[in-house]
Amino acid sequence: MEPLLKVENLRTVFDVKPAPVVAVNDVSFEIRQGETLGLVGESGSGKSVTAFSIIRLVQEPGRIAGGTVIFQGRDLMSLREDEMREVRGAGIGFVFQEPMAALNPVMRIGAHIAEALKVHGVSSGKAARDKAIELLRAVRITDPERRVDDYPHQLSGGMRQRVMMAIALACRPPLVIADEPTTALDVTVQAQILELLRDMKREFDLSLLLITHDLGVIAETADRVAVMYAGRIVEQGTVREIFHNPKHPYTRGLLASIPGGGAGSRLQAIEGTVPNLASLPRGCAFSPRCSDRIDICSEAVPAEFMLDASHGARCHLLTPGSKA
Amino acid sequence: MALVEVRNLVKHFTRGGGLFSAKSVVRAVDQVSFSVDEGETFALVGESGSGKSTTGRCMLRLVEPTSGEVLFRGENVLGFSSARMRAARRDMQMVFQDPYSSLNPRMRAGTIVEEPLIIHAIGTRTERKDRVADLFRLVGLDPAHLDRYPHEFSGGQRQRIGLARALALNPSFIIADEPVSALDVSIQAQVINLLMDLQQQLGLTYLFIAHDLRLVRHIADRVAVMYLGKIVEMGPTAELFGNPQHAYTRALLSAVPATDPDAPRARIELDATLVDREAPLRQISDGHFAAVQ
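## Side note on the overall build of chain B
Within chain B one finds nine helices and twelve strands. In summary, chain B has a C-alpha radius of gyration of 20 Å against a globular reference of 19 Å for 293 residues, a match within 12%. Put simply, of all contacts in chain B between residues at least 6 apart along the chain, 64% involve residues at least 24 apart.

Below, the structure is given as structure tokens:
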């Protein structure tokens, strides 16, 4: 079956001085119907720009410089802007990290949801209000008849994120992109929101692109995982392949740096710092921090090596003939 | 031996009291007591609004507590005059969460680290410069970068600058308020390792304020869990994580996502109505206390 979303060789460039910066570099992945893909990476890895590129909302001076994004059989890159507006919301819903910044402070909760319904011609007036209450109930907001008239500041962070979910789901999109949906929340609230995401996925028959830096969130929620570093996907595979059999030294380093071993023992830090995209090292961008690097690593960008049908990594060490 | 002892610390904030609203009192820190032993890492954990940061700030009198005592080497610092307090702060320092806003962007890194020495009139100019270079090396920074501005450093390096500044006066006690939560995962581990190395090298005592329970479990000797301004449970780290007694501690521990996709998930929800806010801390086992009936 055709995947719901197929991103191929996506490339997003920011035209800044003195030289353009490639924020998303040759990124390819798929999301199948009903699947959750976790996109994990540190700040500046390009994971959020990838998400904004998919729905064509990259801000100036950024621009999509190449690649295709096939959603439900249509190439989003070739759509007119009015067609694209229809895809946003009705085809692909969005949940952002900071619900307070995404919600209009002078608009009531119900009005936010009604607006989404009206824009996409689903319903308006009294019907939209009823639909909004129904959606608030679906995202487990208690007393939705009253909450629908609240303003964003009257809600807690977790409740606001539930409202964001209700807005994203208003037009029943088959795909939701959630960008760090729990990062600003306390851990007990995070647990509730993650559970809600899993429930919504089942009840609304959703597919999910979940963007996060938190490997714990990924382990709990994702079916498959793509690890980004300096604009590229360096490894992708099923959640078990990534957590139990990571192949890229960066993925291994990330997993090892999570506290969890013996108390008081030294953590296995990845030395050095995340590179500046404006001055990437030659060859593999991770090579200066990699303890396993060989000569070729600082010369050529590694191609993706497939370990099996679902698990691939961009690392020279995996290429037959190279040795550590 | 206890280096620091906090007794019945209380901080109330008044809210409202304007033209249209009645005054209300927020009990941000409510009768908090604990002690930190010399050379120990003691962690205060809790979610936002639990009062953990306010507790730390009250201890250094960055905010004035409403009542209570903070004994440092047996003396109540809350009774100190401002001159005496300034002198006492040489021995008690703070490292802040945000390495971006806690460093003056217009000051060079070397000057930021030297400033405490200038304020406390320590050493000659040359001696201070040598000391700053030593501090740079101590926290893993290159003294060749003394003249750079904060924005020229990465987040992890900035946190090292903050640490060098805190260490400038040779303190014995450091309050670290979420020192790595603004950093990327791969950088967090570097800073945590540095904190542990410095503790061994310099014999430091830490009060570590954090919300990341994985991290706390890794570095703390003892842990106190705060909920709505009160300590609801306190004990040796392994004991508290292995045998949590308070409903809130159990809910909090169960909410931490496991970094193993095959780990069983057993969330425990907190029924806030069942938490008795007035329950006193009761001893469960040696050193382990919980506010349960």
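## Considering the sheet that holds strand β10 (residues 230–236) of chain B
Residues and elements named next belong to chain B. What the eight strands build is an open sheet, ordered β6-β7-β8-β3-β9-β10-β12-β11; its pairing is mixed. Edge positions in the open sheet fall to β6 (92–95) and β11 (282–285), since each of these has one partner strand only. Ignoring strand direction, the axes of neighbouring strands in this sheet form an average angle of 20°. Docked against the sheet, helix α9 (residues 247–255) engages β9 (222–227) and β10, running at close to 105° with respect to β9.

## Focus on helix α1 (residues 47–54) of chain A
Because each turn of an α-helix spans 3.6 residues, side chains separated by three or four positions in sequence point in the same direction. All names here are of chain A. Among the eight residues in α1, seven count as buried, and that is most of the element. Lys-47, Ser-48, Val-49, Thr-50, Ala-51, Ser-53 and Ile-54 are the residues of α1 that are buried. Within two residues after α1, Arg-56 carries a phi angle of roughly 55°, on the positive side.

## Here's the deal with the interface of chain A and chain B
Residue-level contacts link 30 residues of chain A with 32 residues of chain B. Those elements giving two or more residues to the side of chain A that touches chain B turn out to be α8 (187–203), α9 (215–221), α10 (239–244) and α11 (249–256) of chain A. Looking at the side of chain A that touches chain B element by element, the count peaks at five residues for α9 of chain A. A class-by-class count of the residues in the side of chain A that touches chain B yields 15 nonpolar, ten polar and five charged.

## Quick notes on the pairing of strand β1 (residues 5–14) of chain A
On any regular strand, side chains alternate: one points to one face of the sheet, the next to the other face. All names here are of chain A. Two elements, β1 and strand β4 (residues 62–71), share eight bridges in a ladder whose sense is antiparallel. Opposite Lys-6, over in β4, you have Ile-70 as the bridge partner. In sequence, β1 turns back onto strand β2 (residues 21–31) through a hairpin of six residues.

## Regarding the sheet that holds strand β11 (residues 305–306) of chain A
Residue and element names in this part refer to chain A. Spatially, the eight strands line up as an open sheet ordered β6-β7-β8-β3-β9-β10-β12-β11, and their pairing is mixed. Two strands lie at the open edges of the sheet, namely β6 (92–95) and β11, each paired on one side alone. By the bridge criterion, four bridges tie β6 to strand β7 (residues 175–179) in an arrangement that is parallel. When the sheet's bridge partners are listed, Gly-93 is paired in β7 with Val-176. Where helix α7 (residues 157–169) meets the sheet, it contacts β6 and β7, and its direction lies at approximately 170° from that of β6.

## Brief notes about the packing of α7 of chain A against α8 of chain A
All names here are of chain A. It is the contact of α7 with α8, at a shortest axis distance of 10 Å, that shows an interaxial angle of 15°. Taken as axis vectors, α7 and α8 run roughly parallel relative to one another. Like other packed secondary-structure pairs, α7 and α8 cross with a definite hand, here right-handed. Contact residues: Gly-157, Gly-158, Gln-161, Arg-162, Met-165 and Leu-169 in α7; Val-189, Gln-192, Ile-193, Leu-196 and Met-200 in α8.

## So, the pairing of strand β2 (residues 23–37) of chain B
Across eleven bridges, the pairing between strand β1 (residues 2–16) of chain B and β2 of chain B is antiparallel. The residue of β2 of chain B that forms the bridge with Ala-2 of chain B is Asp-37 of chain B.

## Notes on the environment of Pro-244 of chain B
Residues and elements named next belong to chain B. Here Pro-244 lies in the loop between α8 (237–242) and α9. Each C-alpha atom of the pair Pro-244 and Phe-289 lies 9.9 Å from the other, and the pair is 45 residues apart in sequence. In contact with Pro-244, other than residues within four places in its own chain, are Glu-233, Thr-249, Arg-250 and Leu-253.

## With respect to the nonpolar core
The biggest cluster of nonpolar side chains holds 172 residues, and the ones touching the most others in it are Ala-166, Leu-209 and Val-227 of chain A together with Ala-164, Phe-208, Val-216 and Val-225 of chain B. If you tally residues by element for this core, the top one is α7 of chain A, at eight residues. The contact partners of Leu-209 of chain A, leaving out residues within four places of it in the chain, are Ile-31, Leu-37, Leu-39, Ala-51, Leu-175 and Ile-177 of chain A.

## Quick look at the environment of Val-16 of chain A
Position of Val-16 of chain A among the secondary structure elements: in the loop between β1 and β2. Not counting chain neighbours up to four residues away, the residues in contact with Val-16 of chain A comprise Val-21 and Pro-61 of chain A.

Quick notes on the rules
- Residues numbered from 1 in each chain as written.
- Chains lettered and ligands numbered in written order.
- Predicted model: local features only at pLDDT ≥ 70, side-chain atom pairs only at ≥ 80, totals over all residues.
- Helix = DSSP H or I, 4+ residues; strand = E, 2+ residues; numbered from the N terminus.
- Rg over C-alpha atoms; globule rule 2.2 N^0.38 Å.
- Contact = placed C-beta atoms within 7 Å.
- Pairing = 2+ DSSP bridges.
- Axes fitted to C-alpha atoms, helices over the stretch in contact; angles between N-to-C directions.
- Buried ≥ 20, exposed ≤ 12 C-beta atoms within 10 Å, placed from the backbone.
- Nonpolar A, V, L, I, M, F, W, Y, C, P; charged D, E, K, R; others polar.
- Parallel < 35°, antiparallel > 145°, perpendicular 65-115°, else oblique.
- Left-handed = near helix turned anticlockwise from the far one by under 90°.
- Core = buried A, V, L, I, M, F, W, Y, C linked by C-beta atoms within 7 Å.

So far we have only geometry, and geometry alone does not tell us how the molecule works.
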